[in-house]
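Structural description and commentary
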Amino acid sequence: MRETDRRPLLSRPLRRGHLVALDAAAAVAVSLLCAYAARETAEGCPHEPVWVSWLVALVIGLPVSLRRLRPLTALGIAATGSVTALVTGVIPLFAVLAPTTALVLVLYEVALSRRRRTAALALGACLFGVVVATMGGAALSAGQDQPDALVGGFYVGLVVTLPWAVGRAVRERRAYAARSAGQLARQAVAEERLRIARELHDVVAHSMGLIVVKASIANHVADSRPEEARDALRVIEETGRTALGEMRNTLGRLRSGSGDPAGLRPAELRPAPGLDGLPELVDRAAMAGVGADLEVSGTAVLPEGVGLSVYRIVQEALTNVVKHAAPARCRVTVELGRKRVRIEVTDNGPGVRVLPDDGATGQGHGLIGMRERAMMYGGSFSAGPRPEGGFRVSADLPYEAAGPTGSHTP
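Small disclaimer: the values here were computed from a predicted structure and weren't measured.

Glancing now at the overall build of the protein. Of regular secondary structure, the protein possesses ten helices and five strands. Counting over 410 residues, the protein shows a buried share of 40%. At a minimum sequence separation of 6, the contacts of the protein that also span at least 24 residues come to 72%. Carbon and sulfur atoms provide 61% of the accessible area of the protein, an area that totals close to 22,600 Å².

Next up, the structure:
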């Protein structure tokens, strides 16, 4: 195996079984620590049998192994054993660190896995147990002063409270991370739906606009000029095939990430349209009765997303000319700068257009879609009648330069 193929240690989270095994190892260690502490004897207290020391140690330490499976049960057993051991003197007060270790481990898991009210009650019960154990141990030990016992109890309570607070903080952080991830996922889904809807709108609106225009022409001249009608039908057929191909490509890209249910092989997925597709758009507009001149200046390489937006803006602008201004002359200008691309589509048709109303802004969905594409990259968009007649659509999209600039006209 090559050095670069080796997986780093702890590259994946431990499984629950592994964590329980670690808890079991910690339980054994805590039991041994408590057994060692139980062999110590406070001044003035009798020395208990060995089996009692081991029994108390196991009662306090073994519940640590259950802290992920039954945290409240484990805390109840460990806390009861600890208080009993300290009050009866099996574990002297000066060795309180041993049972406190068990309480700390189990209480952290309670704070991490249980709701706030349950976790708070568990902490209160532990602090009450600390007070009882401290006062009882001090009363049993002849060499222990009451003020010193209170100070010791305060520090033990502080040691118990800190891991509880850490557990609550970790729980809140995880909950916040889960909520944030959910919000990001929902936002991504909404944005993807909007993108797909925008793509489909552009494809369908452009293609159907051409089809409707040519179909009306074919219907009008079917009897008098059958040759022109057949030409219109050929345009309809070609436009329909192109639209179906673009829709299949769009849906294939959407589905290809989930087991390729659309049945599309990678070779069947065409790249997203860009500047190379602008001449074809001009040719389609000419078929629908709109003579268009295309001028592209600059040779900068656009990012794929920006190139697609330029294509869709020009496509929608030409569609509007075909639907609302044909027959007309149109000019499409695309200027590629080092950091910005500027698009302008002008025509000499009627300046006042009757566009589909979205019910709120008085603008058609096509203009809204073009504006959204420009704003998505922090650009600007404007559309309206020209003083000398006709209509003008202008967009400006900033981008990061990806190549040298020059000048050419296809």
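Taken together, five strands build an open sheet; the order of strands is β1-β2-β3-β5-β4 and the sheet is mixed. Edge positions in the open sheet fall to β1 (290-297) and β4 (380-385), since each of these has one partner strand only. Direction aside, the axes of adjacent strands within the sheet are offset by 10° on average. Contacts from helix α8 (residues 278-287) reach β1 and β2 (328-336) within the one sheet, and its direction differs from that of β1 by about 165°. Contacts between helix α9 (residues 304-324) and the sheet are confined to β1, β2, β3 (340-347) and β5 (391-398), with β3 contributing the most and set at about 10° to the helix.

So, about the side chain of S394. Along the polypeptide, S394 turns up in strand β5. Among the polar contacts listed, one links the side chain of S394 to the side chain of R392, at a separation of 3.4 Å. Look past the residues within four positions of S394 in its chain and what remains in contact with it is R342, I343, E344, S380, F381 and S382.

Okay, the pairing of β1 next. Bridging between β1 and β2 involves eight bridges; their strand directions are parallel. Bridge assignment links D293 to a residue of β2, and that residue is R331.

Time to look at the environment of V204. The residue V204 is located in helix α6 (residues 146-221) in this model. Residue V204 is classed as partly exposed on the basis of its relative accessible area, which comes to 35%. The spacing of V204 and E246 is 42 residues in sequence and 9.4 Å in space, taken between C-alpha atoms.

This next bit is on a nonpolar patch on the surface. On the surface, a nonpolar cluster with roughly 370 Å² of combined accessible area is contributed by V28, L32, V50 and W54. Contributing elements (two or more residues each) for the nonpolar patch: α1 (16-38) and α2 (50-61). Relative to the assigned elements, L32 resides in helix α1.

Let's shift gears to α1. An ideal rise of 1.5 Å per residue puts 33 Å on 23 residues; α1 measures up with 32 Å between its terminal C-alpha atoms. Residues of α1 that are buried: D23, A27, V30, S31, C34, A35, A37 and A38. Packing partners of the buried residues in α1 comprise α2 and α4 (97-113).

Turning next to the packing of α8 against α9. Orientation of α8 relative to α9, taken along the N-to-C sense of each, is 5°, at an axis distance of 10 Å. Taken as axis vectors, α8 and α9 run roughly parallel relative to one another. Between α8 and α9, the contacting residues are L278, L281, V282 and A285 on the first element and Y311, V314, Q315, L318 and V322 on the second. Classifying every residue of the contact of α8 with α9 gives eight nonpolar, one polar and no charged.

Moving on to the confidence of the model for the protein. Here the protein shows a mean pLDDT of 77. Residues at 70 or above account for 78%. Contacts of residues 257-269 to residues separated by more than four positions or lying in other chains number 16 contacts, the stretch itself having pLDDT below 50. When the criterion is pLDDT under 50, residues 353-363 qualifies, and its contacts beyond four places in sequence or with other chains add up to 23 contacts.

Calculation notes
- Residues numbered from 1 in each chain as written.
- Predicted model: local features only at pLDDT ≥ 70, side-chain atom pairs only at ≥ 80, totals over all residues.
- Heavy atoms only, no water.
- Helix = DSSP H or I, 4+ residues; strand = E, 2+ residues; numbered from the N terminus.
- Buried < 20%, exposed > 50% of the residue type's maximum accessible area, 1.4 Å probe, protein only.
- Contact = heavy atoms within 4.5 Å.
- Areas by Shrake-Rupley, 256 points an atom, 1.4 Å probe, with all protein chains shown as cover.
- Pairing = 2+ DSSP bridges.
- Axes fitted to C-alpha atoms, helices over the stretch in contact; angles between N-to-C directions.
- Polar contact = N/O pair within 3.5 Å; in protein donor to acceptor, adjacent residues only side chain to side chain.
- Patch = residues over 30% accessible without salt bridge, like charges linked within 9 Å, V, L, I, M, F, W, Y side chains within 5 Å.
- Salt bridge = Lys/Arg side-chain N within 4 Å of Asp/Glu carboxyl O.
- Expected span 1.5 Å × (residues − 1).
- Parallel < 35°, antiparallel > 145°, perpendicular 65-115°, else oblique.
- Nonpolar A, V, L, I, M, F, W, Y, C, P; charged D, E, K, R; others polar.
- pLDDT = per-residue confidence, 0-100.

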